[in-house]
Amino acid sequence: MIVAPFTAFTKDGEIDLSKVESQKKFYKDNGIAGAFICGTTGEGSSLTIPEKKLLFKEWAKFKDENFVIIAFLGGTSLKECQELALYAKECGIDAVAATAPYYQKPSDTAALCKFCDSIAASVPDCPFYYYHIPSLTGVDFSMYDLLQKMDAAIPNLGGIKFTFENMMDYQLCLNYKDRKYDILWGRDEMLLPAIAIGAQAFVGSTYGYHAPVYNEMIQEFEKGNIKKAAELQLAANRFIELLGKYGNGCGKAFMKAAGLDLGPCRPPLNTLSDGQYESFAEDLSRLPFEQYKNKFNL
């Protein structure tokens, strides 16, 4: 499991680099193998280039052979992505990723492949991942088609971060050329179905605060206890259901409840008010969060 970490902010809305070391320990203590930084969960679209560079540099300090760092570059500006890719490589980041341009959109997979190739070519010795999240980009091409084009064009292609429900497309990508690429599953609420068709690597935000439920789910599936694994997926989804009730800012509320306060969100995301947090905590108390929440190993 690779976590999509939140970006910590101060009360004044500035990035809080002092929290990065605690985040890394919090994640690794709970079986997380890496971090996909400055992505959707990290409010990457709300960060400036200088802020992303500061985060790249800080997170790079805490990578090790058992904890990889993948830096999300963006997607709307090719030049910005290239600049950030070069800086990520300079910092020693393990891999970089970009999504489809979501304002001036590519017309087909050939255009999208060319965009990705232009970024990947700027750091030829650094793995490049395409981030597929059509619910936010509005770009929904066949990833199997795109993967074949990228395979022919991008020598340093690492794979795809696949955050979509099309499991047929996902499985085709997963098994392309005898599993040549890392096809990272990105829907936490459908982790069990993904495991059932062969997924072995995952990126998600909820691993940041209740990874133990997923660790146990994977273990039960591997032991053949499918019913128990399904019960654990349901338990995870009961937590995830609160994200829909309280909105995007609820993710940081989960982190606070687990013991790591990362501050407010940036607009347009909402930060839970004191009253909303109290209501959220009451809802959480009716679920087995204490059993499955992440904990520091002291």
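Our subject is the structure that appears above.
Residue positions are given per chain, counted from 1 along the sequence in the order it is written. Reporting of local features is limited, given that this is a predicted model, to residues whose pLDDT is at least 70; pairs of side-chain atoms are given and counted only at 80 or more, and all residues count toward the totals for whole chains, interfaces and linings. The side-chain figures draw on all heavy atoms in the structure; neither hydrogens nor water molecules are used.

Draft legend 1. Layout of unusual backbone geometry. Omega for the bond connecting Pro267 with Pro268 falls within 30 degrees of zero, at 15°, which places this linkage in the cis form. When you line up the elements, Pro268 lands in the loop between α11 (250-258) and α12 (274-285). For Arg179, which is not a glycine, the phi torsion comes out positive at approximately 60°. For helices the rule is a DSSP run of H or I covering at least 4 residues; for strands it is a run of E covering at least 2, with both sets numbered from the N terminus onward. Locating Arg179 in the fold gives a position in the loop between α7 (167-174) and β7 (182-185).

Draft legend 2. Main features of the nonpolar core. Side-chain atoms within 4.5 Å are what join buried Ala, Val, Leu, Ile, Met, Phe, Trp, Tyr and Cys residues into a set we call a nonpolar core. Using a 1.4 Å probe on the protein chains alone, a residue whose accessible area is under 20% of its type maximum counts as buried, one over 50% counts as exposed, and one in between counts as partly exposed. Among the nonpolar cores identified, the biggest contains 95 residues, and Tyr130 and Phe280 are the most heavily contacted of them. Of all the elements, helix α10 (residues 226-246) adds the most residues to this core, at eight residues. Beyond its immediate stretch of four places on either side in the chain, Phe280 contacts Leu242, Tyr246, Cys250, Ala253, Phe254, Ala257 and Leu272. Within the second largest apolar cluster, 12 residues are counted, among which are Ala4, Phe36, Ile133 and Val203. Whether two residues are in contact is decided by their heavy atoms: any pair within 4.5 Å suffices.

Draft legend 3. Focus on the environment of Arg187. With respect to the helices, strands and loops of the structure, Arg187 is situated in the loop between β7 and α8 (191-196). Residues Arg187 and Val139, spaced 48 residues apart in sequence, show a C-alpha to C-alpha distance of 17 Å. Setting aside chain neighbours within four positions, we find Arg187 in contact with Ser135, Phe162, Thr163, Phe164 and Glu165.

Draft legend 4. Up close: the pattern of salt bridges. The salt bridge definition used is simple: a Lys or Arg side-chain nitrogen within 4 Å of an Asp or Glu carboxyl oxygen. In total, this model carries 18 salt bridges according to the counting rule given. Glu165 is the salt-bridge partner of Arg187, the closest N and O atoms lying 2.5 Å from each other. Taken together, the residues Arg187 in the loop between β7 and α8 and Glu165 in the loop between β6 (157-162) and α7 connect sequence positions 22 residues apart. Using a relative accessible area of 36% as the deciding quantity, one classes Glu165 as partly exposed. A salt bridge links Asp283 to Lys245; the nearest nitrogen and oxygen atoms lie 2.7 Å apart. Within this pair, whereas Asp283 is found in helix α12, its partner Lys245 is found in helix α10, the two being separated by 38 residues in sequence.

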